Number of protein chains: 2
Amino acid sequence: MASTVAGPEIERLIQLLARLPGLGPRSARRAALHLIRKRETLMQPLAEALRVADERIVACSTCGNIDTRDPCTVCADPGRDAATIVVVESVGDLWALERAGAIRARYHVLGGVLSPLDGVGPGDLAIQPLVDRVAAGGVSEVILAVNATVDGQTTAHYLTDCLADYAVKVTRLAHGVPVGGELDYLDDGTIAAAMRQRTAF
Amino acid sequence: MASTVAGPEIERLIQLLARLPGLGPRSARRAALHLIRKRETLMQPLAEALRVADERIVACSTCGNIDTRDPCTVCADPGRDAATIVVVESVGDLWALERAGAIRARYHVLGGVLSPLDGVGPGDLAIQPLVDRVAAGGVSEVILAVNATVDGQTTAHYLTDCLADYAVKVTRLAHGVPVGGELDYLDDGTIAAAMRQRTAF
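Within any chain, residue numbers begin from 1 and follow the written order of that chain's sequence. For this description, chains carry letters from A and ligands carry numbers from 1, given in the order in which they are written. For this predicted model, a pLDDT threshold of at least 70 governs which residues receive local features, and a threshold of 80 or more governs which side-chain atom pairs are given and counted, while totals over whole chains, interfaces and linings are taken from all residues. Excluded from the side-chain calculation are hydrogens and water; included are all heavy atoms of the structure.

1. A look at the sheet that holds strand E6 (residues 169-172) of chain B
All names here are of chain B. In space, the four strands of this open sheet follow the order E4-E3-E5-E6, with parallel pairing throughout. Of all strands in the sheet, those with a lone pairing partner are strand E4 (105-109) and E6, marking the two edges. The sheet shows a mean angle of 25 degrees between the axes of neighbouring strands, taken without regard to direction. Sheet topology places strand E5 (residues 141-144) next to E6; four bridges connect them, and they run parallel. Paired with Val142 across the bridge in E6 is Val170. The strands touched by helix H5 (residues 91-100) within the sheet are strand E3 (81-88) and E4, with E4 carrying the most contacts at an inclination of about 160 degrees. Contacts between residues were defined by any pair of non-hydrogen atoms, one from each residue, lying within 4.5 Å. Where helices are involved, their axes are fitted lines through C-alpha atoms of the stretch in contact, as for all axes, and angles between N-to-C directions lie from 0 to 180°. We count a stretch as a helix when DSSP gives it H or I for four or more residues in a row; a strand needs E for two or more, and each element gets its number in order from the N terminus. On the sheet, helix H6 (residues 127-135) packs against E3, E4 and E5 and is oriented at approximately 150 degrees with respect to E4. Only strands that DSSP links by at least two bridges are regarded as paired with each other.

Encoded structure:
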């Protein structure tokens, strides 16, 4: 064990780093050594960045995005289409859509998907706040950009039911062949969906 | 870019995390989100662990190991064989040997290997301190546990020359088939070395 050669402080640092997604015990050890080697250029700035993030980051009370202001930068942006709400499972998905530059609209972060097996019900997600936003008016389209998993699709159907009473168009992302993807490597469901939803060339 | 949706504080955190070995830009983003989600159980403890590590960790003035005390836990351990010094390239290698529990001896961290191409000469490594430790007496064996790379082996030869004038046995780790390894997947050099250094069964 490293605890016998390094102090408990280093061991604690390694244990915490190992809890980050993408880092295992071995890479956490490497990361800790790297941090200790780059003390002034990496370790101190990272400690400070974590402190600042902890101090300032808040969840947007409108959409659930994380930012250092509330309402968040996206909700406060007057250049965005306020009549369109893109519903995502997580902030990570929101970032992915923004990176793709796919749309300049508002978002709504659910905070997960319905998953009866994991005990996640409608009350555990930000579904009512979404209905409230739509009920408040001014929204013409809700795009369900949930992941194409079973739980994601179940959630999409549930949301559609919740929004059925409002004069709002509910859409979802297209299924199909990923750009750059090869048919031979795709699952049958994706190929069938791409075929069903084929478009004019 | 995430910077347009999240604040510069989050972007800075992601950039710093991406500089850790094992984390790329994408996994750094995931790690940042994970930290923000686990604010009290992970983000705050990690910030504190980094601060404590930065404050307390020192390099051992004898062997170059990192610890919160000087001399380090290894050098201060009376249960270890002080007559044997295991020479390693890095603290990570020292930890690896300790994890393996291969030997209860003292260490000497070189801080790298000789690498003319990268401009690393004898003066850049802790070679003179090693010679000084041997010259001070009480050392009967120096085990060169440098990596089996070209630069590592060059360094081993250089160290052997440096220690030639002292009454000390210089040894190196055995080459051979890794435990659990399959011959078919090994390079010719390893197989040849394992054959040359075969032992009685």
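2. Concerning the pattern of salt bridges
All names here are of chain A. A side-chain nitrogen of Lys or Arg and a carboxyl oxygen of Asp or Glu constitute a salt bridge if their distance falls within 4 Å. Taken as a whole and judged by the stated rule, the model has twelve salt bridges over all chains. Here Asp77 ties to Arg80 by a salt bridge, and the two come within 3.2 Å at their closest N and O atoms. Think of it in three bands: with a 1.4 Å probe and only protein chains considered, a residue is buried below 20% of the maximum accessible area for its type, exposed above 50%, and partly exposed in between. What makes Asp77 buried here is its relative accessible area of 19%. A salt bridge links Glu98 to Arg80; the shortest N-O distance between them is 2.8 Å. A residue pair is termed long-range when its members are at least 10 positions apart, and Glu98 in helix H5 (residues 91-100) and Arg80 in the loop between helix H4 (73-76) and strand E3 (81-88) qualify at 18 residues. Accessibility assignment for this pair places Glu98 and Arg80 in one class, buried.

3. What to know about the relation of the copies chain A and chain B
Of the transformation superimposing chain A on chain B, the axial component is 0.0 Å and the angular component is 180 degrees, with the fit at an RMSD of 0.1 Å. Taken together, the turn and the small shift mark the pair as related by a two-fold rotation axis. When C-alpha positions in chain A are compared against the rotation axis, the closest is assigned to A:Ala47, at 2.3 Å. Looking at the interface residues of chain A, 100% of them are also at the interface in chain B, so both copies use one shared face. When the copies are overlaid, the least-squares fit takes in C-alpha atoms only where the residue has pLDDT of at least 70 in both copies.

4. Things to note about the UniProt feature "domain: Toprim" (unreviewed entry) in chain A
UniProt positions are given in the numbering used here, feature names are shortened, and annotations may be inferred rather than shown by experiment. Following the UniProt record, one finds the feature "domain: Toprim" (unreviewed entry) at residues 83-178 of chain A. Summarising residues 83-178 of chain A: 33% helix, 20% strand, and an end-to-end C-alpha distance of 28 Å.

5. Comments concerning helix H2 (residues 25-37) of chain B
Multiplying 1.5 Å by the residue count of a helix minus one yields the expected span of that helix. Across its 13 residues, H2(B) extends 18 Å between first and last C-alpha, which sits within 8% of the 18 Å expected from 1.5 Å per residue. If you follow the buried residues of H2(B), they end up packed against helix H3 (39-56), strand E2 (66-67) and H5 of chain A together with helix H1 (8-17) and helix H3 (39-56) of chain B.

6. Re the pairing of E3(A)
All names here are of chain A. One ladder, built from five bridges, connects E3 with strand E4 (residues 105-109); its direction is parallel. Its bridge partner lying in E4, Asp81 is registered against Ala105. With the strands pointing away from the viewer, any crossover whose connection runs clockwise from the first strand over the helix to the second is right-handed. Following the backbone out of E3, through H5 and into the adjacent parallel E4, one traces a crossover that is right-handed. One ladder, built from four bridges, connects E3 with strand E5 (residues 141-144); its direction is parallel. Looking at E5, one finds that Ile85 is bridged to Val142.

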